[in-house]
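The chain contents come next:
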Amino acid sequence: MTHLAVDLCGLRMKNPTMLAAGILDETGRSMLEVAKAGAGAIVTKSIGREPRAGHPNPSIVELRNGLLNAMGLPNPGIEAFREEIAEARKGGVPIVGSVFAGSVEEFAELVRMMADTDVDAVELNLSCPHAIGLGAEIGSTPELVESICRESKRQTRKPVMAKLTPNTSSIANLAKAAERGGADAVVAINTLKGMAISPEAKMPVLANKFGGLSGPAIRPVGVRCVYEIYEAVEIPIIGVGGISNAGDALEYIMAGASAVQIGTGVWAEGLEVFTKTCNGLLRFMADNGFESLGDMVGVAHSGRP
């Protein structure tokens, strides 16, 4: 019997689609709506130790093939966010709490605090490209990635997932570092650092000048990254970047992803993107003789027809 159920680091998901951090995950109510729409799991917005306002507007630009954003990691802080997580739990799907920090010690503290909430796992944001001293600025070297993962894992028995940056010379090396540090899974990719300039205004469109590019334009990069990571590590991979239908998801799965996250696709297609993607996966599996999602993970490496 064809099915989409996934066991990801002990998280039992009814299907492999997850809400990516940063969209419709600011409140418990919005996360509940995503769960009702069919997502297999939800990743919260990235949360810090204290409240953070983020960057001033304009902070997002709509492009032909995606979005360019420089939100700057706005969030209410971990203590205020506890009640939103409690509300999101009512959706009946696994909740992954995303955290960001500026040092190994701060990551360890945030992981401990996030794990003390009712989340099922923790995602380390090691890859935001538009926040000074955070994200990709400390997640671009294997040594720091390994140290952050190791100290984070010491804080909890819950699964810890490292979200990696594509803005590096070798994302496979970052993945190997995360695995050495004890990460239970890696997430690839976050946004690509980009910029938009208004010819009329003769200046950058974003107030922050630089932002993160997401959406269909980055999917080939994301698929390539997952493909490379799959050949470098043994831990599961969660693919993200430009997914809005079953065909997009299949590229990541066949490259080596055990699950996928959808972010900009929610903005472009609406909440029905989860159900549509899952239905498309089931049709493809039935038509091509695959009984489970695991049967398709990494098949692009074997050349299986």
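Refer to the structure presented above.
About the criteria used
- Residues numbered from 1 in each chain as written.
- Predicted model: local features only at pLDDT ≥ 70, side-chain atom pairs only at ≥ 80, totals over all residues.
- Heavy atoms only, no water.
- Pairing = 2+ DSSP bridges.
- Helix = DSSP H or I, 4+ residues; strand = E, 2+ residues; numbered from the N terminus.
- Axes fitted to C-alpha atoms, helices over the stretch in contact; angles between N-to-C directions.
- Salt bridge = Lys/Arg side-chain N within 4 Å of Asp/Glu carboxyl O.
- Buried < 20%, exposed > 50% of the residue type's maximum accessible area, 1.4 Å probe, protein only.
- Contact = heavy atoms within 4.5 Å.
- Patch = residues over 30% accessible without salt bridge, like charges linked within 9 Å, V, L, I, M, F, W, Y side chains within 5 Å.
- Areas by Shrake-Rupley, 256 points an atom, 1.4 Å probe, with all protein chains shown as cover.
- Core = buried A, V, L, I, M, F, W, Y, C linked by side-chain atoms within 4.5 Å.

S.K.: What am I meant to see in the sheet that holds strand β4 (residues 41-43) here?
M.R.: Pairing between sheet strands relies on hydrogen bonds along the backbone, with the strands arranged either parallel or antiparallel. Reading around the barrel, the 8 strands line up as β3-β4-β7-β8-β9-β10-β15-β16 and close back on themselves, with parallel pairing between neighbours. Each neighbouring strand pair of the sheet contributes to a mean axis angle of 25°, computed without reference to strand direction. Both strand β9 (residues 160-163) and strand β10 (residues 185-188) contribute to a ladder of 3 bridges, which runs parallel. Bridge pairing in β10 links M161 to A185.

S.K.: Help me out: how do you make sense of the pattern of salt bridges in this one?
M.R.: Side chains that differ in sign of charge can pair as their charged atoms come close. Counting across every chain of the model gives 15 salt bridges. With its nearest N and O atoms 2.9 Å apart, the salt bridge here joins R150 to E146. Of this pair, R150 and E146 both sit in helix α4 (residues 142-153), separated by 4 residues, roughly a single helical turn. For R150, a relative accessible area of 29% gives the class partly exposed. The salt bridge partner of R180 is E146, with a shortest N-O separation of 3.1 Å. Here E146 lies in helix α4 and R180 lies in helix α5 (residues 171-180), a separation of 34 residues in the sequence.

S.K.: It is not clear to me how α5 should be interpreted in this structure. Could you clarify?
M.R.: Helical geometry note: an α-helix holds 3.6 residues per turn, so side chains three or four residues apart project in the same direction. All of the buried residues in α5 are I171, A172, L174, A175, A177 and A178. Where α5 is buried, its residues contact α4, β9, β10 and α6 (219-230). G182 sits one or two positions beyond α5 and adopts a positive phi of about 100°.

S.K.: Quick question: what am I supposed to make of a nonpolar patch on the surface here?
M.R.: Taken together, the side chains of M195, I197 and F210 present a nonpolar region at the surface, about 290 Å² in accessible area. Positionally, F210 belongs in strand β14 (residues 210-214).

S.K.: Got a minute to help me understand the nonpolar core in this structure?
M.R.: One recurring pattern in soluble globular proteins is that nonpolar side chains are buried together. Counting residues in each nonpolar core, the largest one holds 89 residues, and the members touching the most others are M18, L124, M161 and I229. Ranked by residue count, the leading element in this core is helix α3 (residues 104-115), at 7 residues. Beyond its immediate chain neighbours, meaning those up to four positions away, M161 contacts L8, L11, V96, A121, V122, E123, L124, A185, V187 and I238.

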